[in-house]
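# Topology and contacts: notes
Residue-level listing of the chains:
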Amino acid sequence: MTASHLLVPVPIPDRVAALIGSCIPSHILQAEFDADCAAREVRRFRGPRLGVEDQADREQALSDLARANKVLAAHHPHLAVLPGSPF
C-alpha cells in the first residue's frame, strides 16, 4: 500500500499527454486550462490591503475559477481546481 504524499511526480512524455488529452472532451480541457489560469490569478492577489482595482481583478479571477470549476465538477467532482492547490 502506498501513501499518496510519498508519490513523486513524474513528467509525462508529450505523446502520452496528447493521447490522454484526446480522450477528454475539448470543453473539459478548455475548462481545466481556464481554471488553472484563474487559480494563478487568485494567488497573485493575496494580501490584507488590496487596492480597489486589485480587489476587482481578484473577484473577476474568482468568478472565472468558479465558472470553470462548475464545468469540471459536472464532468467529474475531483477535477475542480482550488486556488491554493499545487496542480
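Before reading further, recall that the structure is shown in the block above.
Cut-offs used in this document
Residues numbered from 1 in each chain as written. Predicted model: local features only at pLDDT ≥ 70, side-chain atom pairs only at ≥ 80, totals over all residues. Heavy atoms only, no water. Helix = DSSP H or I, 4+ residues; strand = E, 2+ residues; numbered from the N terminus. Contact = heavy atoms within 4.5 Å. Areas by Shrake-Rupley, 256 points an atom, 1.4 Å probe, with all protein chains shown as cover. Salt bridge = Lys/Arg side-chain N within 4 Å of Asp/Glu carboxyl O. Buried < 20%, exposed > 50% of the residue type's maximum accessible area, 1.4 Å probe, protein only. Axes fitted to C-alpha atoms, helices over the stretch in contact; angles between N-to-C directions. Parallel < 35°, antiparallel > 145°, perpendicular 65-115°, else oblique. Left-handed = near helix turned anticlockwise from the far one by under 90°.

### Digging into the overall build of the chain
When helices and strands are tallied, the chain shows three helices and zero strands. Each helix and strand of the chain, placed in order from N terminus to C terminus, yields the pattern α-α-α. When contacts within the chain are restricted to residue pairs at least 6 apart in sequence, long-range pairs at least 24 apart make up 62% of them. With the model as given, the accessible surface of the chain reaches about 7,100 Å², and the carbon-plus-sulfur share is 61%.

### What about the pattern of salt bridges?
Following the criterion strictly, the structure yields three salt bridges and no others. Residues Arg40 and Asp36 are paired through a salt bridge, measuring 3.3 Å at the closest nitrogen-oxygen approach. Taken together, the positions of Arg40 and Asp36, both in helix 2 (residues 26-44) and four residues apart, correspond to about one turn of that helix. The exposure class of Arg40 is exposed, given its relative accessible area of 52%.

### Quick notes on the packing of helix 2 against helix 3 (residues 52-75)
Running from N to C, helix 2 and helix 3 cross one another at 150°; their axes reach a closest spacing of 8 Å. The angle between helix 2 and helix 3 falls in the class roughly antiparallel. The two elements helix 2 and helix 3 meet at a crossing, and its hand is left-handed. Taken together, the residues of helix 3 that come into contact with helix 2 (itself represented by His27, Ile28, Ala31, Glu32, Asp34, Ala35, Ala38, Ala39, Glu41 and Val42) are Arg58, Ala61, Leu62, Asp64, Leu65, Ala68, Asn69, Val71, Leu72 and His75.

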